[in-house]
Amino acid sequence: MKASIKQISEITGFSPATISNALNHKKGVNRKTSEIIFQVAKEIGYISENKISKIKLVVYKRNGLIIDDSPFFSVLLKGVESECRASGYEMVMCNIDQNDPDYKEQVNAILNDTSSAVILLGTELLDDEFPLYMNGNSPMVLLDCWSSNFPLNAVLINNADSAVNAVQYLVNRGHREIGYLRGRFRIKAFTSRSAGYSRALSKNNIPLNNQYIFTVSTTMDGAYRDMKEHLKKGAKMPTAFFADNDMIALGCIKAFQEFGYRVPEDISVIGFDDLPFCEISSPRLTTIKVFKYEMGQLAVRRVIELMKNGGKINTKTQICTEFVERDSVADLRSGIKKGGK
């Protein structure tokens, strides 16, 4: 027998009108009722994930301070686009802003559009927003974000371990006074990098000195201005810094140089992301390479897997990084820059 609304009504006990409203995402049907209806509709074959022809790349913005100011994301998006094309799916990109008056309605519509799967670029997503994304009816993968409190399928950077490796590199080159250039907007990735920074210090029996932790804006110009204010107040500098990302590192380096500090002779700096600027900055920035394009591709592959096989098990895929040694770290053991230069 062909699956029908009448059959769904007989199984669930809800009226055909309620079922029709739920399946068409009309207002007036509560979330729990809608979930039951969609579940039964899928089980009897009234709705099939095989009907999905589009993958929506949803870019979430809390304030745009990370998303809008970095070329990091253009490469990530290219990875998503190329894999969608190669897999035969149309990619549709949409932006959602937490400050929009109809923000929650937008999210609900996206997550319950059963003709599309969703890849949510959640770089700026914080824990208070996660509950809104937990009960959709479309296959969804979270990209560049994760929360242990709200398990979702996710593809993200191995942030903490990467930070540990960066700080260990500084320790191996004789640095014991190691500071942290901390982004003011505390996205989940930065929180993990901070944990890695602290872990590496502890591992090497180096006390964490709060005097060496400087909070700055997450934009390059903002980090430059904020660090200048710290320097004007006579802040004591460590011999080296680990920065939350390259934008912060490069902005602070400009401030250091204006105040007469030589990089790396007086202050060494390591960034995170390996943006194109790093190769042409002066000095060239030592940093952590993130495989942005490949992250986008893997997110598409995972959401296609969910479309085909369902999502009974959530997975968290962490992408390992690569340390890129350039010219912004001094070797205090021998008084020379990296690599014997």
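Quick notes on the rules
- Residues numbered from 1 in each chain as written.
- Predicted model: local features only at pLDDT ≥ 70, side-chain atom pairs only at ≥ 80, totals over all residues.
- Heavy atoms only, no water.
- Helix = DSSP H or I, 4+ residues; strand = E, 2+ residues; numbered from the N terminus.
- Polar contact = N/O pair within 3.5 Å; in protein donor to acceptor, adjacent residues only side chain to side chain.
- Contact = heavy atoms within 4.5 Å.
- Phe/Tyr/Trp six-rings, centres within 6.5 Å; stacked < 30°, edge-to-face > 60°.
- Buried < 20%, exposed > 50% of the residue type's maximum accessible area, 1.4 Å probe, protein only.
- pLDDT = per-residue confidence, 0-100.
- Pairing = 2+ DSSP bridges.
- Axes fitted to C-alpha atoms, helices over the stretch in contact; angles between N-to-C directions.

So, on to the environment of Thr 219. In this fold, Thr 219 is placed in the loop between strand S7 (213-216) and helix H8 (220-232). As for Thr 219 and Asp 68, which are separated by 151 residues in sequence, their C-alpha atoms are 9.2 Å apart. At 2.9 Å, the side chain of Thr 219 and the backbone nitrogen of Gly 222 are in polar contact.

The next thing to look at is the environment of Leu 126. Of note, Leu 126 is situated in the loop between strand S3 (116-121) and strand S4 (140-143). For the pair formed by Leu 126 and Arg 62, sequence separation is 64 residues and the distance between their alpha carbons is 8.6 Å. Residues within four places of Leu 126 in sequence aside, it is in contact with Arg 62, Phe 185, Arg 186, Ile 187 and Lys 188.

For the structure on display, the rule yields nine aromatic pairs. Measuring from centroid to centroid gives 6.3 Å for Tyr 60 and Tyr 103, while their planes differ by 55°, and the two rings are tilted. In this pair, Tyr 60 is assigned in strand S1 (residues 54-61) and Tyr 103 in helix H5 (residues 103-111), connecting sequence segments 43 residues apart. For Tyr 60, a relative accessible area of 0% corresponds to the buried category.

Now for the confidence of the model for the protein chain. Taken over all residues, the pLDDT of the protein chain has a mean of 90, while the share at 70 or more is 94%. Note on residues 337-341: pLDDT under 50 across the span, and 16 contacts to partners over four residues away in sequence or across chains.

It is worth spelling out the sheet that holds strand S8 (residues 240-243) at this point. The strand order S7-S6-S8-S9 describes an open sheet built from four strands, whose pairing is parallel. Each end of this open sheet is capped by a strand with a single partner; those strands are S7 and strand S9 (268-270). If you compare each strand with its neighbour and ignore which way they point, the axes differ by 20° on average. Relative to S9, S8 runs parallel, the two sharing three bridges. Note on S9: the bridge partner recorded for Ala 240 is Ser 268. Along the sheet, H8 makes contact with strand S6 (178-183) and S7, crossing S7 at roughly 135°. Together, S6, S7, S8 and S9 form the strand contacts of helix H9 (residues 246-258), whose direction differs from that of S6 by roughly 120°.

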